[in-house]
Amino acid sequence: MDVLINVFVALHIIGIAALLGGFLTQMKAMGAGTARFSPAMLHGALTMLVTGIALVGLNQADDQTVNNVKIGIKMAVLVVILALVYVKRDEETVDKGLFAAVGGLTVANIFIATLWT
């Protein structure tokens, strides 16, 4: 079971890398007002959602303690990110504030995951 959990953790990290990497590569464009949500950002957020749900189930099946409040907050933040990216995915440019909000929420989700013990 530990190997399977570790595989899903690795996939979860790949998802966050795609989401955050997509944001960081558009930082210069955001300054110019031409930033847009890339497909990598959408796929990264979807990967995080699916692997996160799988991780909760696998950890509970392995009788490990799961902080449901933390997971609920992380999922709520991720659903907001996913909704924003999904709705605006086909637009040529995205408002600076909206694009910055997705980046800020992504970083906040990372800090919730790592600092909340």
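Computed from a predicted structure; not experimentally measured.

Draft legend 1. Inspection of the side chain of N59 at higher detail. Considering the arrangement of structural elements, one finds N59 in helix α3 (residues 39-61). If sequence neighbours within four positions are ignored, N59 has contacts with I5, Q64 and V66.

Draft legend 2. Representation of a nonpolar patch on the surface. A contiguous nonpolar surface patch, about 360 Å² in accessible area, is contributed by V3, V7, L11 and I14. Secondary-structure assignment places I14 in helix α1 (residues 2-25).

Draft legend 3. Region of the structure containing helix α4 (residues 68-87). Under the 1.5 Å per step criterion, the end-to-end length of α4 is 28 Å for 20 residues, consistent within 8% with the ideal 28 Å. Those residues of α4 lying buried are K70, K74, V77, L78, I81, L82 and V85. Relative to the axis of α4, the buried residues are bounded by an arc of 140 degrees and lie together on one face. Every exposed residue of α4 that faces more than 90 degrees away from the buried side is listed here: N68, V69 and V87. Check the buried side of α4 and you find it contacts α1, α3 and α5 (96-115).

Draft legend 4. A look at the side chain of T51. Along the polypeptide, T51 turns up in helix α3. Within the structure, the side chain of T51 is placed 2.8 Å from the side chain of H12, a separation counted as a polar contact. A polar atom in the side chain of T51 sits 2.7 Å from the backbone oxygen of T47. The contact partners of T51, leaving out residues within four places of it in the chain, are F8, L11 and H12.

Draft legend 5. How the structure looks around the pattern of salt bridges. The tally for this structure, following the rule as stated, stands at two salt bridges. In this structure, R36 engages E92 in a salt bridge whose closest nitrogen and oxygen atoms are separated by 3.8 Å. Of this pair, R36 sits in the loop between α2 (27-32) and α3 while E92 is found in the loop between α4 and α5, placing the two residues 56 residues apart along the sequence. R36 gets classed as partly exposed once you look at its relative accessible area, which sits at 29%. Note that E91 is salt-bridged to K88, the shortest N-O span being 3.4 Å. Under the relative-accessibility criterion, E91 is labelled partly exposed at 32%.

Draft legend 6. Fine view of the packing of α4 against α5. At their nearest, the axes of α4 and α5 sit 10 Å apart, and the two run at 160 degrees to each other. Comparing their axes, α5 and α4 come out roughly antiparallel. Judged by the twist between their axes, the crossing of α4 over α5 is left-handed. For the pair α4 and α5, the contacting residues are K70, I73, K74, V77, L78, V80, I81, L84 and V85 in the first and L98, V102, L105, T106, N109, I112 and A113 in the second.

What counts as what
Residues numbered from 1 in each chain as written. Predicted model: local features only at pLDDT ≥ 70, side-chain atom pairs only at ≥ 80, totals over all residues. Heavy atoms only, no water. Helix = DSSP H or I, 4+ residues; strand = E, 2+ residues; numbered from the N terminus. Contact = heavy atoms within 4.5 Å. Patch = residues over 30% accessible without salt bridge, like charges linked within 9 Å, V, L, I, M, F, W, Y side chains within 5 Å. Areas by Shrake-Rupley, 256 points an atom, 1.4 Å probe, with all protein chains shown as cover. Salt bridge = Lys/Arg side-chain N within 4 Å of Asp/Glu carboxyl O. Expected span 1.5 Å × (residues − 1). Buried < 20%, exposed > 50% of the residue type's maximum accessible area, 1.4 Å probe, protein only. Arc of directions from axis to C-beta. Polar contact = N/O pair within 3.5 Å; in protein donor to acceptor, adjacent residues only side chain to side chain. Axes fitted to C-alpha atoms, helices over the stretch in contact; angles between N-to-C directions. Parallel < 35°, antiparallel > 145°, perpendicular 65-115°, else oblique. Left-handed = near helix turned anticlockwise from the far one by under 90°.

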